[in-house]
Amino acid sequence: MRLNKMYLDGALKTLSERREQNKRLENTRRSEILKKIPEYEKLEAELALTMNEVISLALDKSALTEEKVNAAFEKNQAIRQKMNDLFEKNGYPADYLEPIFTCPKCRDKGNTGSEWCECLCRLTNEMAAAELNQNAPLAKSRFDNFDLNRYPDETPKKESVSPREIMRDNFEYCKKFSEDFRGEGSGVLMMGSTGLGKTHLSLGIANVLIKKGFCVVYGSVPELIRKIQDQQFGRADGDILSLATSCDLLILDDLGAENSTDWCVSMLYEIINTRQNRRLPLIINTNLDFDELRDKYQDRLSSRMFSMKILFFEGYDNRIEFSENFKQ
Ligand SMILES: [Zn+2]
(Lines give C-alpha, C1' and ligand atoms only; values in the text may rest on other atoms or scores of the structure.)
Protein backbone atom coordinates (compact mmCIF):
# COMPACT_ATOMS: atom_id res chain seq x y z
CA MET A 1 0.00 0.00 0.00
CA ARG A 2 1.40 3.42 -0.98
CA LEU A 3 1.78 6.42 1.28
CA ASN A 4 -0.69 9.17 0.42
CA LYS A 5 1.46 12.23 1.16
CA MET A 6 -1.51 14.66 1.30
CA TYR A 7 -2.57 13.05 4.58
CA LEU A 8 0.89 12.50 6.10
CA ASP A 9 0.60 15.18 8.80
CA GLY A 10 -2.81 13.91 9.91
CA ALA A 11 -1.58 10.31 10.01
CA LEU A 12 1.54 11.23 12.03
CA LYS A 13 -0.71 13.07 14.48
CA THR A 14 -2.83 9.92 14.85
CA LEU A 15 0.32 7.90 15.58
CA SER A 16 1.38 10.42 18.22
CA GLU A 17 -2.09 10.11 19.82
CA ARG A 18 -1.74 6.32 19.76
CA ARG A 19 1.63 6.53 21.53
CA GLU A 20 0.16 8.79 24.22
CA GLN A 21 -2.90 6.57 24.61
CA ASN A 22 -0.73 3.45 24.96
CA LYS A 23 1.52 5.24 27.48
CA ARG A 24 -1.56 6.12 29.55
CA LEU A 25 -2.68 2.49 29.44
CA GLU A 26 0.81 1.34 30.54
CA ASN A 27 0.65 3.76 33.51
CA THR A 28 -2.84 2.59 34.45
CA ARG A 29 -1.70 -1.03 34.38
CA ARG A 30 1.34 -0.24 36.53
CA SER A 31 -0.77 1.57 39.15
CA GLU A 32 -3.16 -1.38 39.18
CA ILE A 33 -0.33 -3.88 39.76
CA LEU A 34 1.27 -1.78 42.52
CA LYS A 35 -2.10 -1.61 44.26
CA LYS A 36 -2.94 -5.31 43.92
CA ILE A 37 0.58 -6.72 44.40
CA PRO A 38 2.41 -4.34 46.80
CA GLU A 39 5.53 -6.57 46.98
CA TYR A 40 6.04 -6.05 43.25
CA GLU A 41 7.61 -2.60 43.75
CA LYS A 42 10.32 -4.03 46.03
CA LEU A 43 11.18 -6.69 43.47
CA GLU A 44 11.35 -4.03 40.79
CA ALA A 45 13.90 -2.08 42.88
CA GLU A 46 15.94 -5.24 43.45
CA LEU A 47 15.91 -5.95 39.74
CA ALA A 48 17.21 -2.45 39.02
CA LEU A 49 20.07 -3.05 41.50
CA THR A 50 21.16 -6.26 39.76
CA MET A 51 21.10 -4.41 36.43
CA ASN A 52 23.38 -1.75 37.94
CA GLU A 53 25.71 -4.48 39.20
CA VAL A 54 25.99 -5.94 35.69
CA ILE A 55 26.73 -2.50 34.23
CA SER A 56 29.41 -1.74 36.88
CA LEU A 57 31.03 -5.11 36.20
CA ALA A 58 31.10 -4.42 32.49
CA LEU A 59 32.71 -1.03 33.04
CA ASP A 60 35.37 -2.21 35.51
CA LYS A 61 37.25 -4.84 33.48
CA SER A 62 39.75 -5.54 36.33
CA ALA A 63 36.97 -6.76 38.65
CA LEU A 64 35.18 -8.74 35.91
CA THR A 65 35.15 -12.50 36.49
CA GLU A 66 32.94 -15.21 35.09
CA GLU A 67 31.68 -16.12 38.56
CA LYS A 68 30.59 -12.56 39.28
CA VAL A 69 28.78 -12.27 35.95
CA ASN A 70 27.04 -15.62 36.49
CA ALA A 71 26.05 -14.69 40.03
CA ALA A 72 24.54 -11.36 38.90
CA PHE A 73 22.74 -13.12 36.04
CA GLU A 74 21.30 -15.77 38.35
CA LYS A 75 20.13 -13.16 40.84
CA ASN A 76 18.45 -11.29 38.00
CA GLN A 77 16.70 -14.44 36.74
CA ALA A 78 15.54 -15.36 40.24
CA ILE A 79 13.88 -11.96 40.69
CA ARG A 80 12.21 -12.18 37.29
CA GLN A 81 10.91 -15.63 38.17
CA LYS A 82 9.44 -14.29 41.43
CA MET A 83 7.75 -11.50 39.47
CA ASN A 84 6.28 -13.99 36.98
CA ASP A 85 5.04 -16.21 39.82
CA LEU A 86 3.34 -13.26 41.46
CA PHE A 87 1.65 -12.29 38.20
CA GLU A 88 0.47 -15.81 37.59
CA LYS A 89 -0.85 -16.15 41.15
CA ASN A 90 -2.85 -12.94 40.70
CA GLY A 91 -4.16 -13.87 37.25
CA TYR A 92 -2.09 -11.50 35.07
CA PRO A 93 -0.20 -12.46 31.90
CA ALA A 94 3.61 -12.29 32.20
CA ASP A 95 3.84 -9.39 29.71
CA TYR A 96 1.19 -7.25 31.44
CA LEU A 97 3.63 -4.42 32.15
CA GLU A 98 5.54 -4.58 28.87
CA PRO A 99 5.42 -1.49 26.59
CA ILE A 100 2.24 -1.44 24.47
CA PHE A 101 2.40 -0.77 20.73
CA THR A 102 -0.53 -0.68 18.32
CA CYS A 103 1.97 -1.53 15.56
CA PRO A 104 4.84 -3.58 17.04
CA LYS A 105 6.66 -3.45 13.68
CA CYS A 106 7.45 0.29 13.92
CA ARG A 107 6.60 0.76 17.62
CA ASP A 108 4.06 3.39 16.45
CA LYS A 109 6.76 5.63 15.01
CA GLY A 110 5.50 5.26 11.42
CA ASN A 111 8.80 4.14 9.94
CA THR A 112 11.06 1.14 10.10
CA GLY A 113 14.45 2.76 9.66
CA SER A 114 14.57 4.04 6.11
CA GLU A 115 11.03 3.00 5.08
CA TRP A 116 7.52 4.20 5.92
CA CYS A 117 5.71 1.52 7.89
CA GLU A 118 2.65 -0.12 6.39
CA CYS A 119 0.53 1.18 9.31
CA LEU A 120 1.27 4.77 8.28
CA CYS A 121 0.47 4.08 4.60
CA ARG A 122 -2.79 2.46 5.71
CA LEU A 123 -3.68 5.48 7.86
CA THR A 124 -3.08 7.99 5.06
CA ASN A 125 -5.18 5.87 2.71
CA GLU A 126 -7.98 5.52 5.24
CA MET A 127 -8.05 9.30 5.60
CA ALA A 128 -8.18 9.79 1.84
CA ALA A 129 -10.92 7.15 1.58
CA ALA A 130 -12.95 8.76 4.40
CA GLU A 131 -12.85 12.09 2.58
CA LEU A 132 -13.91 10.45 -0.65
CA ASN A 133 -16.69 8.49 1.07
CA GLN A 134 -18.13 11.44 2.96
CA ASN A 135 -20.99 11.91 0.48
CA ALA A 136 -21.91 8.23 0.41
CA PRO A 137 -25.07 7.36 2.40
CA LEU A 138 -23.04 4.95 4.54
CA ALA A 139 -24.90 5.48 7.81
CA LYS A 140 -28.28 4.85 6.15
CA SER A 141 -27.24 1.75 4.22
CA ARG A 142 -26.76 -1.08 6.67
CA PHE A 143 -27.64 -4.77 6.60
CA ASP A 144 -29.96 -4.37 9.61
CA ASN A 145 -32.22 -1.89 7.79
CA PHE A 146 -32.35 -3.75 4.48
CA ASP A 147 -36.02 -4.65 4.07
CA LEU A 148 -36.73 -7.80 2.06
CA ASN A 149 -40.48 -7.14 2.33
CA ARG A 150 -40.05 -4.42 -0.27
CA TYR A 151 -39.55 -7.14 -2.89
CA PRO A 152 -42.57 -9.00 -4.35
CA ASP A 153 -43.15 -12.46 -2.97
CA GLU A 154 -45.13 -13.68 -6.01
CA THR A 155 -43.32 -15.77 -8.57
CA PRO A 156 -43.84 -14.30 -12.05
CA LYS A 157 -45.13 -16.55 -14.85
CA LYS A 158 -42.30 -18.39 -16.66
CA GLU A 159 -40.04 -17.91 -13.60
CA SER A 160 -39.31 -20.40 -10.85
CA VAL A 161 -38.51 -18.02 -8.00
CA SER A 162 -39.90 -14.74 -6.67
CA PRO A 163 -37.90 -11.47 -6.60
CA ARG A 164 -37.91 -11.72 -2.80
CA GLU A 165 -36.23 -15.13 -2.91
CA ILE A 166 -33.63 -13.82 -5.34
CA MET A 167 -33.00 -10.80 -3.13
CA ARG A 168 -32.80 -12.96 0.00
CA ASP A 169 -30.00 -14.93 -1.68
CA ASN A 170 -28.27 -11.66 -2.70
CA PHE A 171 -28.60 -10.31 0.81
CA GLU A 172 -27.16 -13.49 2.36
CA TYR A 173 -24.36 -13.51 -0.21
CA CYS A 174 -23.38 -9.91 0.66
CA LYS A 175 -23.44 -10.59 4.40
CA LYS A 176 -21.24 -13.65 3.92
CA PHE A 177 -18.94 -11.68 1.60
CA SER A 178 -18.35 -9.14 4.39
CA GLU A 179 -17.91 -11.85 7.05
CA ASP A 180 -15.40 -13.87 5.01
CA PHE A 181 -13.57 -10.84 3.57
CA ARG A 182 -9.78 -11.16 3.84
CA GLY A 183 -8.77 -8.38 1.40
CA GLU A 184 -8.22 -10.58 -1.63
CA GLY A 185 -10.30 -12.18 -4.36
CA SER A 186 -12.15 -11.02 -7.44
CA GLY A 187 -15.41 -9.42 -6.30
CA VAL A 188 -19.02 -8.94 -7.30
CA LEU A 189 -20.88 -7.50 -10.28
CA MET A 190 -24.35 -6.32 -9.21
CA MET A 191 -26.77 -5.97 -12.12
CA GLY A 192 -30.33 -4.66 -12.17
CA SER A 193 -32.48 -1.59 -12.65
CA THR A 194 -32.21 1.59 -10.61
CA GLY A 195 -33.50 1.57 -7.02
CA LEU A 196 -33.35 -2.17 -6.38
CA GLY A 197 -30.85 -1.98 -3.51
CA LYS A 198 -27.45 -2.42 -5.20
CA THR A 199 -25.98 0.66 -3.48
CA HIS A 200 -27.60 -0.28 -0.17
CA LEU A 201 -26.07 -3.78 -0.10
CA SER A 202 -22.65 -2.55 -1.33
CA LEU A 203 -22.55 0.04 1.42
CA GLY A 204 -23.80 -2.58 3.90
CA ILE A 205 -20.63 -4.51 3.04
CA ALA A 206 -18.55 -1.30 3.29
CA ASN A 207 -19.92 -0.55 6.78
CA VAL A 208 -18.91 -3.98 8.11
CA LEU A 209 -15.45 -3.83 6.55
CA ILE A 210 -14.66 -0.26 7.67
CA LYS A 211 -15.50 -1.33 11.24
CA LYS A 212 -13.06 -4.23 10.85
CA GLY A 213 -10.32 -1.76 9.82
CA PHE A 214 -10.28 -2.37 6.06
CA CYS A 215 -9.70 0.54 3.71
CA VAL A 216 -12.86 0.78 1.56
CA VAL A 217 -13.35 3.33 -1.21
CA TYR A 218 -16.82 4.03 -2.58
CA GLY A 219 -17.38 6.15 -5.64
CA SER A 220 -20.09 6.66 -8.19
CA VAL A 221 -18.27 6.11 -11.48
CA PRO A 222 -19.08 9.54 -13.03
CA GLU A 223 -17.82 11.35 -9.92
CA LEU A 224 -14.76 9.17 -9.45
CA ILE A 225 -13.76 9.53 -13.09
CA ARG A 226 -14.21 13.30 -12.95
CA LYS A 227 -11.99 13.56 -9.86
CA ILE A 228 -9.28 11.36 -11.39
CA GLN A 229 -9.46 13.43 -14.57
CA ASP A 230 -9.07 16.69 -12.58
CA GLN A 231 -6.02 15.28 -10.80
CA GLN A 232 -4.44 13.81 -13.93
CA PHE A 233 -4.78 17.11 -15.80
CA GLY A 234 -3.46 19.19 -12.88
CA ARG A 235 -6.77 20.82 -11.90
CA ALA A 236 -6.75 19.26 -8.40
CA ASP A 237 -4.30 17.72 -5.90
CA GLY A 238 -4.35 14.13 -4.76
CA ASP A 239 -3.92 10.62 -6.08
CA ILE A 240 -7.32 8.94 -6.16
CA LEU A 241 -6.16 6.59 -8.91
CA SER A 242 -3.53 4.97 -6.71
CA LEU A 243 -6.04 4.79 -3.85
CA ALA A 244 -8.64 3.17 -6.14
CA THR A 245 -6.11 0.59 -7.36
CA SER A 246 -4.66 -0.25 -3.93
CA CYS A 247 -7.44 0.01 -1.29
CA ASP A 248 -8.77 -3.21 0.27
CA LEU A 249 -12.16 -2.92 -1.44
CA LEU A 250 -13.29 -0.57 -4.20
CA ILE A 251 -16.99 -0.05 -4.87
CA LEU A 252 -17.72 1.37 -8.32
CA ASP A 253 -21.34 2.49 -8.21
CA ASP A 254 -23.53 3.28 -11.19
CA LEU A 255 -21.18 2.05 -13.90
CA GLY A 256 -22.57 3.19 -17.24
CA ALA A 257 -23.79 6.60 -16.07
CA GLU A 258 -20.47 8.23 -16.97
CA ASN A 259 -19.70 9.90 -20.31
CA SER A 260 -18.57 7.30 -22.73
CA THR A 261 -15.18 8.53 -23.92
CA ASP A 262 -12.10 6.51 -24.86
CA TRP A 263 -10.19 8.12 -21.99
CA CYS A 264 -12.89 7.08 -19.55
CA VAL A 265 -13.05 3.48 -20.79
CA SER A 266 -9.26 3.11 -20.66
CA MET A 267 -9.19 4.59 -17.13
CA LEU A 268 -11.81 2.09 -15.98
CA TYR A 269 -9.83 -0.70 -17.64
CA GLU A 270 -6.69 0.47 -15.83
CA ILE A 271 -8.48 0.42 -12.44
CA ILE A 272 -10.26 -2.91 -12.91
CA ASN A 273 -7.30 -4.64 -14.57
CA THR A 274 -4.80 -3.45 -11.94
CA ARG A 275 -7.03 -4.59 -9.10
CA GLN A 276 -7.68 -7.98 -10.67
CA ASN A 277 -3.95 -8.47 -11.30
CA ARG A 278 -3.28 -7.62 -7.66
CA ARG A 279 -6.12 -9.93 -6.54
CA LEU A 280 -7.82 -6.98 -4.82
CA PRO A 281 -11.62 -7.28 -4.57
CA LEU A 282 -14.00 -4.98 -6.36
CA ILE A 283 -17.76 -4.42 -6.39
CA ILE A 284 -19.33 -2.99 -9.53
CA ASN A 285 -22.96 -1.84 -9.68
CA THR A 286 -24.64 -1.22 -12.97
CA ASN A 287 -28.08 -0.68 -14.51
CA LEU A 288 -26.80 -1.92 -17.86
CA ASP A 289 -27.49 -5.44 -19.12
CA PHE A 290 -24.95 -7.80 -20.68
CA ASP A 291 -25.34 -6.48 -24.23
CA GLU A 292 -25.13 -2.85 -23.14
CA LEU A 293 -22.00 -3.56 -21.08
CA ARG A 294 -20.40 -5.36 -24.04
CA ASP A 295 -21.30 -2.47 -26.40
CA LYS A 296 -20.03 0.22 -24.10
CA TYR A 297 -16.84 -1.38 -22.77
CA GLN A 298 -15.86 -3.83 -25.51
CA ASP A 299 -14.75 -7.37 -24.86
CA ARG A 300 -11.51 -6.73 -23.03
CA LEU A 301 -13.22 -4.84 -20.20
CA SER A 302 -16.64 -6.54 -20.18
CA SER A 303 -15.04 -10.01 -20.09
CA ARG A 304 -13.16 -8.95 -16.94
CA MET A 305 -16.47 -7.92 -15.33
CA PHE A 306 -18.26 -11.11 -16.40
CA SER A 307 -15.54 -13.19 -14.73
CA MET A 308 -16.71 -11.85 -11.35
CA LYS A 309 -19.54 -13.27 -9.22
CA ILE A 310 -22.73 -11.83 -10.73
CA LEU A 311 -25.77 -10.93 -8.61
CA PHE A 312 -29.03 -10.04 -10.40
CA PHE A 313 -31.31 -7.62 -8.59
CA GLU A 314 -35.05 -8.05 -9.09
CA GLY A 315 -38.16 -6.22 -7.90
CA TYR A 316 -39.64 -2.74 -7.99
CA ASP A 317 -37.75 0.53 -7.70
CA ASN A 318 -37.31 0.92 -3.92
CA ARG A 319 -36.86 4.65 -4.14
CA ILE A 320 -40.11 5.21 -6.05
CA GLU A 321 -41.96 2.95 -3.64
CA PHE A 322 -40.43 4.79 -0.74
CA SER A 323 -41.37 8.23 -2.03
CA GLU A 324 -44.91 7.01 -2.83
CA ASN A 325 -45.27 5.77 0.74
CA PHE A 326 -43.83 8.96 2.01
CA LYS A 327 -46.51 11.06 0.28
CA GLN A 328 -49.38 9.21 2.00
ZN1 LIG B 1 3.84 0.57 11.93
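All values derive from a computational prediction rather than experimental measurement. (Residues numbered from 1 in each chain as written. Predicted model: local features only at pLDDT ≥ 70, side-chain atom pairs only at ≥ 80, totals over all residues.)

**Student:** So, the overall build of the chain: which residues are in play, and what are the values?
**Tutor:** For the chain, the helix and strand inventory stands at 11 helices and 7 strands. Considered along the principal axes of its C-alpha atoms, the chain spans approximately 95 × 45 × 35 Å. Looking at the chain alone, contacts between residues at least 24 apart form 78% of all its contacts between residues at least 6 apart. (Helix = DSSP H or I, 4+ residues; strand = E, 2+ residues; numbered from the N terminus. Contact = placed C-beta atoms within 7 Å.)

**Student:** Give me the sheet that holds strand 5 (residues 249–255): which residues, what numbers.
**Tutor:** Overall, parallel pairing links the 5 strands, which are arranged 4-5-6-3-7 in an open sheet. The sheet terminates laterally at strand 4 (216–220) and strand 7 (309–312), the two strands that pair on one side only. The average undirected angle you get between the axes of adjacent strands in this sheet is 15 degrees. Two elements, strand 3 (residues 187–191) and strand 7, share 4 bridges in a ladder whose sense is parallel. If you follow Val188 over to strand 7, its bridge partner there is Lys309. (Pairing = 2+ DSSP bridges. Axes fitted to C-alpha atoms, helices over the stretch in contact; angles between N-to-C directions.)

**Student:** Would you mind going over the pairing of strand 3 in detail, with residue names and values included?
**Tutor:** Taken residue by residue, a regular strand's side chains alternate between the two faces of the sheet. Of all 5 residues that make up strand 3, 5 are buried, and the element is covered over most of its length. Where burial is concerned, the two faces of strand 3 agree: the one with Gly187, Leu189 and Met191 and the one with Val188 and Met190 are both buried. Judged from the 5 bridges that link them, strand 3 and strand 6 (residues 282–286) form a sheet pairing that is parallel. If you follow Met191 over to strand 6, its bridge partner there is Thr286. (Buried ≥ 20, exposed ≤ 12 C-beta atoms within 10 Å, placed from the backbone.)

**Student:** Provide a residue-level description of the environment of Tyr297, including the pertinent values.
**Tutor:** Tracing the backbone through its elements, the reader meets Tyr297 in helix 10 (residues 290–306). The spatial distance from the C-alpha of Tyr297 to the C-alpha of Ser260 is 8.9 Å, given a sequence separation of 37 residues. When near neighbours in sequence (up to four residues on either side) are disregarded, Tyr297 contacts Val265 and Ser302.

**Student:** Explain the nonpolar core residue by residue, including any values.
**Tutor:** In terms of nonpolar packing, the biggest core is built from 58 residues, with Val216, Val217 and Cys247 touching the most fellow members. Take this core: its biggest share by element is 6 residues, from helix 4 (residues 118–133). Counting residues domain by domain, this core receives three or more from each of domain 1 (5–112) and domain 2 (135–327). For Cys247, the contacting residues outside a window of four places in its chain are Asn125, Ala129, Cys215, Val216 and Val217. (Core = buried A, V, L, I, M, F, W, Y, C linked by C-beta atoms within 7 Å. Domains from an automatic or database assignment.)

**Student:** So what's going on with the packing of helix 2 (residues 39–59) against helix 3 (residues 66–89)? Residues and values would help.
**Tutor:** Two numbers describe how helix 2 lies on helix 3: the axes approach to 10 Å, and their chain directions differ by 160 degrees. Between helix 2 and helix 3, the crossing angle belongs to the class labelled roughly antiparallel. When the axes of helix 2 and helix 3 are compared, the crossing they make is left-handed. Counted together, Glu39, Tyr40, Leu43, Glu46, Leu47, Thr50, Glu53, Val54 and Leu57 of helix 2 and Lys68, Val69, Ala72, Lys75, Asn76, Ile79, Lys82, Met83 and Leu86 of helix 3 form the full contact between these two elements. Classifying every residue of the contact of helix 2 with helix 3 by side-chain character gives 10 nonpolar, 2 polar and 6 charged. (Parallel < 35°, antiparallel > 145°, perpendicular 65-115°, else oblique. Left-handed = near helix turned anticlockwise from the far one by under 90°. Nonpolar A, V, L, I, M, F, W, Y, C, P; charged D, E, K, R; others polar.)

**Student:** Could you give an account of helix 5 (residues 163–180), naming the residues involved and the relevant values?
**Tutor:** Across its 18 residues, helix 5 extends 25 Å between first and last C-alpha, which sits within 8% of the 26 Å expected from 1.5 Å per residue. Those residues of helix 5 lying buried are Pro163, Met167, Asn170, Phe171, Cys174, Phe177 and Ser178. When helix 5 is viewed along its axis, its buried side chains cluster within an angular range of 125 degrees and face the same direction. Seen from the open side of helix 5, the exposed residues pointing more than 90 degrees away from its buried face are Glu172, Lys176, Glu179 and Asp180. Residues of helix 5 that are buried sit in contact with strand 3, helix 6 (198–211) and strand 7. (Expected span 1.5 Å × (residues − 1). Arc of directions from axis to C-beta.)

**Student:** Go over the environment of Ile284, please, and point to the residues and values.
**Tutor:** With respect to the element layout, Ile284 can be found in strand 6. Sequence spacing of Ile284 and Met191 is 93 residues, and the spatial spacing of their C-alpha atoms is 8.4 Å. Apart from the residues within four sequence positions on either side, Ile284 is in contact with Leu189, Met190, Leu252, Leu255 and Met305.

**Student:** If you had to explain helix 1 (residues 8–36) to someone new, which residues and values would you point to?
**Tutor:** The periodicity of an α-helix, 3.6 residues per turn, causes residues three or four positions apart to be oriented the same way. Between its terminal C-alpha atoms helix 1 stretches 42 Å, which fits the 42 Å expected from 29 residues at 1.5 Å a residue. If you follow the buried residues of helix 1, they end up packed against helix 2 and helix 4.

**Student:** Break down the packing of helix 1 against helix 4 for me, citing the residues and quoting the values.
**Tutor:** As a packed pair, helix 1 and helix 4 sit with axes 9 Å apart at the nearest point and diverge in direction by 120 degrees. When the axes of helix 1 and helix 4 are compared, the pair comes out oblique. The hand of the helix 1/helix 4 crossing is right-handed. Of the residues in helix 4, those in contact with Leu8, Gly10, Ala11, Thr14 and Leu15 of helix 1 are Leu120, Leu123, Thr124 and Met127.

**Student:** Explain unusual backbone geometry residue by residue, including any values.
**Tutor:** Look at Lys158: it is not a glycine, yet its phi comes out positive at around 70 degrees. With respect to the helices and strands, Lys158 occurs in the loop between helix 4 and helix 5. In this structure Lys158 comes out as exposed when scored by C-beta crowding, with 5 C-beta atoms within 10 Å.

**Student:** Could you give an account of the environment of Leu250, with specific residues and numbers?
**Tutor:** Structurally, Leu250 is set in strand 5. In this structure, the C-alpha to C-alpha distance between Leu250 and Lys227, residues 23 residues apart in sequence, is 15 Å. Ignoring anything within four residues of it in the chain, the contact list for Leu250 reads Val217, Ala244, Arg275 and Leu282.

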